[in-house]
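# Report on the structure
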Amino acid sequence: MTSVAQPPSSAELTVIHVPVSDPRVRPLLRELGHEYSTRYGKDAHAEISRYPDDEFTESYGGLLLLLLERGDPVAGGAFRRYDEATAELKRIWTHSARRRRGLARRVIAELEREASARGYRRIYLTTGPRQPEARALYLATGYTPLFDTGADPESIGPLPFEKHLPVTAHTGKATDL
């Protein structure tokens, strides 16, 4: 008999906003670096260092968040200011031992909620052509592909997506989407 991992209850998960320098972010960066290198080669580590850490801070219009399960980081993600109305999602991650539990969807929802609360009206993101699970996640969570979905992903390069956020009163606090 095969057991299916059950998603953690909301009571078991804590969402925290942290700077990139927080030690709890290290598993995210380490696993993303390994994942990118495995799929795209040794130069893929440059993707993680492409943007200065400051771009993921509130003062620059960004955010990095982690989902903690009983205090341990199990998923996370970030956004940075793309333009006045648009946040760009980056560094979406789920711990390799905790996948297939809906954690990435929860991260996406939290990032959307926070972006909306900060006045962003649109989300933009790209994923690599060798990440079919990420492509499927973005399609399943309502993102519009900005590329020909019938084309060979390798012929496109980074796969861009967008999602327009609902207009909510800007209070500086997170609101439910």
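Residues numbered from 1 in each chain as written. Predicted model: local features only at pLDDT ≥ 70, side-chain atom pairs only at ≥ 80, totals over all residues. Heavy atoms only, no water.

### Looking at helix 3 (residues 103–117)
Just so we agree on the cut-off: Here a helix means four or more residues in a row that DSSP labels H or I, a strand means two or more in a row labelled E, and each is numbered from the N terminus. One fewer than the residue count of a helix, multiplied by 1.5 Å, yields its expected span. Each residue's exposure class comes from its accessible area (1.4 Å probe, protein chains only) as a fraction of the maximum for that residue type: buried when under 20%, exposed when over 50%, partly exposed otherwise.
With 15 residues, helix 3 extends 21 Å from end C-alpha to end C-alpha; this agrees with the ideal 21 Å at 1.5 Å per step. With twelve of its 15 residues buried, helix 3 lies for the most part within the structure. Three or more residues of helix 3 are buried, namely Leu103, Ala104, Val107, Ile108, Glu110, Leu111, Glu112, Arg113, Glu114, Ala115, Ser116 and Ala117. A positive backbone phi angle near 95° is found at Gly119, which sits one or two residues after helix 3.

### Let's talk about the pattern of salt bridges
Applicable threshold: Any Lys or Arg side-chain nitrogen located within 4 Å of an Asp or Glu carboxyl oxygen qualifies as a salt bridge.
According to the stated counting rule, one finds 19 salt bridges in the structure shown. One salt bridge connects Lys163 with Glu112, and the closest N-O pair in it is separated by 3.1 Å. In this pair, Lys163 is assigned in strand 7 (residues 159–164) and Glu112 in helix 3, connecting sequence segments 51 residues apart. Given a relative accessible area of 6%, Glu112 falls into the buried group. Counted as one network, the salt bridges with shared partners bring together Glu12, Glu69, Arg70, Arg98 and Arg101.

### Looking at the packing of aromatic side chains
The criterion, for reference: Each Phe, Tyr or Trp ring (for Trp, its six-membered ring) is paired with any other whose centre lies within 6.5 Å, and the angle between the two planes then decides the class: stacked below 30 degrees, edge-to-face above 60, tilted in between.
As enumerated under the stated definition, the model contains five aromatic pairs in all. Every member of this aromatic cluster is reached through a ring pair, and the members are Tyr138, Tyr143, Phe147 and Phe161.

### What to know about the pairing of strand 3 (residues 72–83)
Heads up, the rule is: When DSSP finds at least two bridges between two strands, those strands are taken to pair.
Two elements, strand 2 (residues 63–69) and strand 3, share seven bridges in a ladder whose sense is antiparallel. By the bridge assignment for strand 3, Leu66 is matched with Gly76. Hairpin connection of strand 2 to strand 3: two residues between the antiparallel strands, including Arg70 at a positive phi of 50°. Direction of pairing for strand 3 relative to strand 4 (residues 86–94): antiparallel, over a ladder of seven bridges. Across the sheet, Arg81 pairs through a bridge with Ala87, a residue of strand 4. Hairpin connection of strand 3 to strand 4: two residues between the antiparallel strands.

### Details of the pairing of strand 7
For strand 7, the tally of buried residues reaches five of six residues, placing the bulk of the element in the interior. Sheet analysis places strand 5 (residues 122–127) next to strand 7, joined by six bridges and oriented antiparallel. The residue bridging Thr127 from the neighbouring strand is Leu159, located in strand 7.

### Structural notes on the nonpolar core
Threshold: As used here, the term nonpolar core means buried Ala, Val, Leu, Ile, Met, Phe, Trp, Tyr and Cys residues forming a set that is joined through side-chain atoms within 4.5 Å. Any two residues whose heavy atoms approach within 4.5 Å are treated as being in contact.
Membership of the largest hydrophobic core comes to 27 residues, with the highest contact counts inside it found for Phe79, Leu89, Leu111, Tyr138 and Tyr143. Looking at this core, the elements that each hand over two or more residues are strand 2, strand 3, strand 4, helix 3, strand 5, helix 4 (132–140) and strand 7. No other element matches helix 3, which puts six residues into this core. With sequence-adjacent residues up to four places away left out, Tyr143 is seen in contact with Leu89, Ile108, Glu112, Ile123, Leu125, Tyr138, Phe161, Glu162 and Lys163. The next biggest cluster of nonpolar side chains, apart from the first, holds 15 residues, and it includes Leu28, Leu32, Tyr51 and Trp93.

### Things to note about the environment of Pro27
Counting through the fold element by element, Pro27 comes out in helix 1 (residues 26–40). We classify Pro27 as buried; its relative accessible area is 17%. For the pair Pro27 and Trp93, spaced 66 residues apart in sequence, the C-alpha separation works out to 9.5 Å. Setting aside residues up to four positions removed in sequence, Pro27 forms contacts with Pro73 and Trp93.

### Comments concerning the environment of Asp152
Assignment of secondary structure puts Asp152 in the loop between strand 6 (144–145) and helix 5 (153–156). For Asp152, a relative accessible area of 47% gives the class partly exposed. Along the chain, Asp152 and Pro129 lie 23 residues apart, while their C-alpha atoms are 8.5 Å from each other.

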